[in-house]
Amino acid sequence: MHALLSAFAPIWMLTAIGYAVGRSGLLGGRAEAVLGRFVFHVAMPAALFTMVSGARLGSFANSSMVAFAAGTALVCGLGFLAAGRLFGRGTADRAIGSMASGYVNSANLGIPVAVQVLGDASFVAQIILFQVLLVSPVILTLLDTGTGAGTGARSGKAVVFRRMLTMPVRNPVIMASLLGVAVSALGLRLPNVLAHSCDLLGAAAVPTALITLGLSLNARPAAAGPAEPAPDPAQPVRTQGTGRTARAEVAVAVALKTLVQPLIAFAVGGPLLHLPEHQLLAVVLCSALPTAQNAFIYAQQYGLDTRPARNAVVASTVVSMVTLSLATWALGATGS
């Protein structure tokens, strides 16, 4: 339990600092939008480029990743369907609902939890690659398509198709990931000055995203989305509807994230793939990680209602304290 508390403490502290800064008005009324843009367009691409360019791309082709990917794919699909059929969301908002349901906080929480509980963070590195190279492009394509669909009837299918083809050039997250893939595949080594600069810039992504998340907790009920236009302001910002519906939407996402996803990973990794105990624990533990704050950042930058993603991040982080402890206890962790 001490290991989990140590892993969660920085998340809570930085979010609380962001909340306190927002309450004080120290950074002004546009701080949330400006910091969100900095994370999405500058710091996060630098972090992803550094991570992917230094990784071996074939490292996630194994049975453990199959079990994790199965849980992620099924839960993301369920989250997408639930956001549309139960809560009447459009394509872009359903993409955020899908991400809130199945995109795990693998970096700033997954790594310390894995080190403390498993004694090794190598599987988390594989998950990061999987999410960056496979899951994120799908989510961002849905976001881009969903927000681009509101440009008017005259746009037509050709414009939507052209937007999809050019999205890697227009989206800094995907562009940075693709550049990282190219550097890794070619076996290139970046000059020390450039590598160190990317490291420094990328290190700002997680703490700034958490500060931004804390700032968003000060938003008035009428506020939804960024204070200034998103990069692709193709459709108006949406609101949630009634408070009961909003709570139900978050509850569904949190239940899918913290309960259903690890259970699916256990079913696939245990009875179907017969993974060794330590690998099965790694798969289930990582699947039980809470929603990544990227879901909030993406919703903010695409001009969507940020409250479902924000509340899912906060609620799943609290609930996962219990589910991570239960998974560790039930599957017999040997780490400290």
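Note that the structure is predicted; figures quoted are calculated from it, not measured. (Residues numbered from 1 in each chain as written. Predicted model: local features only at pLDDT ≥ 70, side-chain atom pairs only at ≥ 80, totals over all residues. Heavy atoms only, no water.)

Colleague: Describe the overall build of the protein, naming the residues involved and giving the relevant values.
Modeller: In terms of helices and strands, the protein carries 14 helices and zero strands. Taken from N to C terminus, the helices and strands of the protein fall in the order α-α-α-α-α-α-α-α-α-α-α-α-α-α. Counting every position in the protein, which comprises 336 residues, the buried fraction comes to 50%. Counting contacts in the protein only where the partners sit at least 6 residues apart, residues at least 24 apart contribute 85% of the total. By element, 68% of the accessible surface of the protein is carried by carbon and sulfur atoms, the whole surface being about 14,900 Å². (Helix = DSSP H or I, 4+ residues; strand = E, 2+ residues; numbered from the N terminus. Buried < 20%, exposed > 50% of the residue type's maximum accessible area, 1.4 Å probe, protein only. Contact = heavy atoms within 4.5 Å. Areas by Shrake-Rupley, 256 points an atom, 1.4 Å probe, with all protein chains shown as cover.)

Colleague: Describe the UniProt feature "transmembrane region" (unreviewed entry) in the protein, listing the residues and the values that go with them.
Modeller: UniProt records the feature "transmembrane region" (unreviewed entry) at residues 38-58, 65-87, 123-143, 164-188, 200-219, 250-273, 279-299 and 311-331, using the numbering of this structure. Across residues 123-143, the secondary structure splits into 100% helix and 0% strand, with the terminal C-alpha atoms separated by 28 Å. Helix makes up 95% of residues 311-331 and strand makes up 0%, while its end C-alpha atoms are separated by 29 Å. (UniProt positions renumbered as here; feature names shortened; annotations may be inferred.)

Colleague: Give a detailed account of the confidence of the model for the protein, specifying residues and quantitative values.
Modeller: Put simply, the protein has an average pLDDT of 81, and 81% of its residues get 70 or more. Of the regions scoring below 50 in pLDDT, residues 149-156 engages in two contacts with residues more than four places distant in sequence or in other chains. Throughout residues 221-240 the model reports pLDDT below 50, and contacts reaching past four residues in sequence, or to other chains, amount to 58 contacts. (pLDDT = per-residue confidence, 0-100.)

Colleague: Would you mind going over unusual backbone geometry in detail, with residue names and values included?
Modeller: Note: most peptide bonds trans; most residues except glycine with negative phi. Of note in the backbone geometry, H274 takes a positive phi value of approximately 50° without being a glycine. Along the chain, the position of H274 falls in the loop between α11 (243-272) and α12 (277-287). H274 gets classed as exposed once you look at its relative accessible area, which sits at 61%.

Colleague: So what's going on with helix α10 (residues 205-216)? Residues and values would help.
Modeller: Note: α-helices contain 3.6 residues per turn, so residues at a spacing of three or four share the same orientation. Here α10 contains twelve residues, and its C-alpha end-to-end distance of 16 Å stays within 8% of the 16 Å for a straight helix at 1.5 Å per residue. Burial analysis of α10 places ten of its twelve residues in the buried class, which makes it a mostly covered element. Buried residues of α10: A205, T208, A209, L210, I211, T212, L213, G214, L215 and S216, and no others. (Expected span 1.5 Å × (residues − 1).)

Colleague: Lay out the nonpolar core with the relevant residues and their values.
Modeller: With 67 residues, the main nonpolar core has F68, F123, L140, L143, I297 and Y298 as its most contacted residues. Ranked by residues supplied to this core, first place goes to helix α6 (residues 122-148) with eleven residues. Apart from residues no more than four positions distant in its own chain, Y298 is found in contact with F40, M44, I96, M99, S136, I139, L140, L143 and V173. (Core = buried A, V, L, I, M, F, W, Y, C linked by side-chain atoms within 4.5 Å.)

Colleague: Could you give an account of the pattern of salt bridges, with specific residues and numbers?
Modeller: Any two side chains of opposite charge can pair, given that their charged atoms come close. Counted according to the given criterion, the structure contains three salt bridges. A salt bridge links D93 to R89, with the shortest nitrogen-to-oxygen separation between them at 3.9 Å. Residue class for R89 comes out buried when judged on its relative accessible area of 10%. A salt bridge links E249 to R89; the shortest N-O distance between them is 3.0 Å. (Salt bridge = Lys/Arg side-chain N within 4 Å of Asp/Glu carboxyl O.)

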